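Structural overview
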Amino acid sequence: MQNDRDRLLQKTNGGYDVFKHFFGEQISKKLFQNTFRKDSTPSCRLYERKHGGETVYVMKDFGASEWCGDCFYIVAKIKGYNMQTEFIDLLKAIDKEMNLFLFDDITSTVRESLPHVQQPIVTGYSRPQKFYAIKQAFRESEKKWWLRYGIDSETLERYHVSSLSSCRFVRSDGSSYTITGTYMEPMYGYFFNEGKGIKSYRPFSKSRFLYAGELPKPYVFGFDQLPDDGDFVILTGGEKDVMTLGARRIPAVTLNSETASIPDEILISLSQRFHTIIVMFDCDETGIRESAARMEALKGKYQVRRLVLPLSGTKKEKDVSDFFSLGHTTEEFNELVKEVLA
């Protein structure tokens, strides 16, 4: 294990490249920001130390003593690894994420069950005004993940979704932070207004969504991809759900959240193009409550129905994307729709 540690340090310039991978180019500054904790003040610095005649880099965060250590300690803190019992797993995770190819048993598949991680959490700040996203081709592992829900490359392109290697978000005061997309924690971008706005999506991260740039007002994902008319349109709870349905040519839209109010102009437009609006939110407590509230608010004004999927409401079984990933078919879904329309 010690040899593996030394090999990784040699491959990454004493750990410098590891810090650069997670914190970006800012590490070259005298002081840089720790984007993995809620602090906008640059309080970190890299130092050189000698280890067996080799230079090893360590980080010191003057604002939080628990964020001080070499690259292994810092990545373990970011990714949630136990340094005492999971060190070899930590080395393999760094190897896979940075494509170092030091271990023979590293594969390119996305880990299905991730430890609790702490990518940059930026709650408490105003929405960034600018962003600089670096797109990349979808990895095979990413394509496979989307296909679990029936979402193919054509659907991703139609809804303007890209895989991102990184995205730098710039706040109104000029400060910025960068988030990277990796094999273990991929990042996707929903792009709006010809690329002027973005909602980033990291399905395996604690902080899954970030917004920046010029977003549509009101925010209605999937509206531009709707057909001119139809028997029904589904108002659902998330972008992935819209694409899951869209891949099956089932018209659907979503707002920013299930608790967001539906603008009158959107309701009028949908009711003029589709005979019935079907409200179908998640099967958890919030989704059940909010879909019932929508029905109560809209009945008598629009032709509206409510569809509650036959799911348990647990984390892995609560929305239409889960419905299809569990093996249910389009024919089964259409039968459910027919029942609520009858």
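The structure we're discussing is the one just above.
Residues numbered from 1 in each chain as written. Predicted model: local features only at pLDDT ≥ 70, side-chain atom pairs only at ≥ 80, totals over all residues. Heavy atoms only, no water.

1. A few points about the overall build of the protein chain
Here is the rule: Runs of H or I in DSSP of at least four residues are treated as helices and runs of E of at least two as strands, each being numbered from the N terminus. With a 1.4 Å probe rolled over the protein chains alone, any residue whose accessible area is under 20% of its type maximum counts as buried; one over 50% counts as exposed, and the rest are partly exposed. Note on contacts: a residue pair qualifies if any of its non-hydrogen atoms lie within 4.5 Å across the two residues. In this description, accessible areas are obtained by the Shrake-Rupley approach with a 1.4 Å probe, and a residue is regarded as covered only by the protein chains that are shown. Positive charges are assigned to Lys and Arg, negative charges to Asp and Glu, while His and the chain termini are left out of the count. Each charge is placed at NZ for Lys, CZ for Arg, CG for Asp and CD for Glu.
Scanning the protein chain from N- to C-terminus turns up eleven helices and 13 strands. Reported as C-alpha extents along the three principal axes, the dimensions of the protein chain are approximately 75 × 45 × 35 Å. Sorting the 342 residues of the protein chain into buried and exposed places 51% on the buried side. The long-range share in the protein chain, meaning contacts at least 24 apart out of those at least 6 apart in sequence, stands at 60%. Approximately 16,800 Å² of the protein chain is accessible, and the part contributed by carbon and sulfur atoms is 47%. One finds the centroid of the 47 positive side-chain charges in the protein chain at a distance of 6 Å from the centroid of its 47 negative side-chain charges.

2. A closer look at the environment of Asp39
Topologically, Asp39 is positioned in the loop between α2 (16-23) and β1 (44-51). Considering only alpha carbons, one finds Asp39 and Gly63, 24 residues apart in sequence, at a separation of 8.6 Å.

3. Focus: the nonpolar core
Nonpolar side chains tend to gather and get buried jointly when the protein is soluble and globular. Applicable threshold: In this description, a nonpolar core means a group of buried Ala, Val, Leu, Ile, Met, Phe, Trp, Tyr and Cys residues linked to one another through side-chain atoms lying within 4.5 Å.
Within the largest apolar cluster, 36 residues are counted, with the highest numbers of intra-cluster contacts made by Trp146, Ile234, Met243, Leu245, Leu307, Leu309 and Phe333. For this core, the elements supplying multiple residues, two or more each, are α5 (140-147), β7 (187-192), β10 (230-236), α7 (239-246), α10 (320-325) and α11 (330-341). Broken down by element, this core gets its largest block of residues, four residues, from α11. The residues contacting Met243, other than those within four sequence positions of it, are Trp146, Ile151, Thr155, Leu156, Tyr159, Val161, Tyr190 and Phe221. Among the nonpolar cores identified, the runner-up in size contains 33 residues, and Phe23, Ile27, Ala76 and Leu90 belong to it.

4. Concerning the sheet that holds strand β2 (residues 54-61)
To keep it simple, the criterion reads: DSSP calls a pair of strands paired once it identifies at least 2 bridges connecting them. Helix axes are fitted only over the stretch in contact, all axes being lines through C-alpha atoms; the angle between N-to-C directions runs from 0 to 180 degrees.
As summarised here, the arrangement of the three strands in space is β1-β2-β3, forming an open sheet in which the pairing is antiparallel. Across the chains shown, the open sheet's two edge strands, defined by having one partner strand only, are β1 and β3 (69-70). Inspection of the sheet shows β2 paired to β3 by two bridges, in the antiparallel sense. Paired with Val58 across the two strands is Asp70, which belongs to β3. Most of the contacts of α2 go to β2, to which it runs at about 35°, and overall it touches β1, β2 and β3.

5. Observations regarding the pattern of salt bridges
Condition: For this analysis, a salt bridge means a side-chain nitrogen from Lys or Arg found within 4 Å of a carboxyl oxygen belonging to Asp or Glu.
As enumerated under the stated definition, the model contains 16 salt bridges in all. Of the charged contacts, one joins Glu142 and Arg139 as a salt bridge, the two residues approaching to 3.0 Å between their closest N and O atoms. A relative accessible area of 1% means that Glu142 is categorised as buried. Residues Lys338 and Glu335 are paired through a salt bridge, measuring 3.6 Å at the closest nitrogen-oxygen approach. Here the residue Lys338 and the residue Glu335 both occupy positions in helix α11, the gap between them amounting to three residues, near one helical turn. On the basis of relative accessibility, which here comes to 53%, the residue Lys338 falls in the exposed class. For Glu335, a relative accessible area of 42% gives the class partly exposed.

6. What to know about the packing of α2 against helix α3 (residues 71-79)
Short version of the rule: For classification purposes, angles smaller than 35 degrees are called roughly parallel, those larger than 145 roughly antiparallel, those between 65 and 115 roughly perpendicular, and all remaining angles oblique. Handedness of a crossing follows from how the near helix is turned relative to the far one, being left-handed for an anticlockwise turn of less than a right angle and right-handed for a clockwise one.
Where α2 contacts α3, the axes come no closer than 9 Å and their chain directions differ by 30°. If you check the angle between α2 and α3, you find them roughly parallel. Considering how the two elements wind past one another, α2 and α3 form a crossing that is left-handed. From α2, Val18, Phe19, Phe22 and Phe23 reach across to α3, where they touch Cys71, Ile74, Val75, Ile78 and Lys79.

7. Let's talk about a nonpolar patch on the surface
Counted only if it meets this: Patch construction takes residues with relative accessible area above 30% that form no salt bridge. Like charges are linked within 9 Å, and nonpolar side chains (Val, Leu, Ile, Met, Phe, Trp, Tyr) are linked within 5 Å.
Among the surface-exposed residues, Leu31, Tyr47 and Phe62 lie close enough to one another that they form a single nonpolar patch of about 280 Å² accessible area. Its place among the elements puts Phe62 in the loop between β2 and β3.

8. Topic: helix α4 (residues 87-97)
With eight of eleven residues buried, α4 is to be regarded as a mostly interior element. Those residues of α4 lying buried are Phe87, Leu90, Leu91, Ala93, Ile94, Asp95, Lys96 and Glu97. Of the residues trailing α4, Asn99 is marked for its positive phi of about 55°.

9. Comments concerning the packing of aromatic side chains
The relative placement of two aromatic rings is captured by the distance of their centres and the angle of their planes. Test applied: Only Phe, Tyr and Trp rings are paired, with Trp represented by its six-membered ring, and only when their centres lie within 6.5 Å; those with planes under 30 degrees apart are stacked, over 60 edge-to-face, the remainder tilted. Put simply, a charge is over a ring when the Lys NZ or the Arg CZ is close to the ring centre, within 6 Å, and near the line of the ring normal, within 35 degrees.
Counted according to the given criterion, the structure contains 25 aromatic pairs. Geometrically, the ring pair formed by Tyr159 and Phe221 is stacked, given 5.7 Å between the ring centres and 25° between the ring planes. Note that Tyr159 is positioned in the loop between α6 (153-158) and β5 (161-170) and Phe221 in the loop between β9 (209-213) and β10, a separation of 62 residues in sequence. Looking at Phe221, the relative accessible area reads 2%, which means it is buried. Between the aromatic rings of Tyr201 and Phe209, the centroid separation amounts to 5.2 Å while the plane-to-plane angle is 10°, which identifies the pairing as stacked. By relative accessible area, Tyr201 is classed as buried at 5%. Taking NZ or CZ as reference, Lys135 lies 4.4 Å from the ring centre of Phe191, over its face. In this structure, Arg273 packs its charged tip against the face of Phe223, placed 5.4 Å from the ring centre.

10. Observations regarding the sheet that holds strand β12 (residues 274-279)
Reading across from one edge, β11-β10-β12-β13 is the order of the four strands in this open sheet, with parallel pairing throughout. Single-partner strands in this sheet number two, and they are β11 (252-254) and β13 (304-306). Here the average twist between neighbouring strands, direction ignored, is 30°. Across three bridges, the pairing between β10 and β11 is parallel. Residue pairing in the sheet places Thr236 in a bridge with Thr254 of β11. Sitting on the sheet, helix α8 (residues 264-273) touches β10, β11 and β12, and the angle it makes with β12 is about 125°. Strand contacts of helix α9 (residues 285-298): β12 and β13, with the helix running at about 160° to β13, the strand carrying the most contacts.

These values are about where atoms sit, not about what they do.
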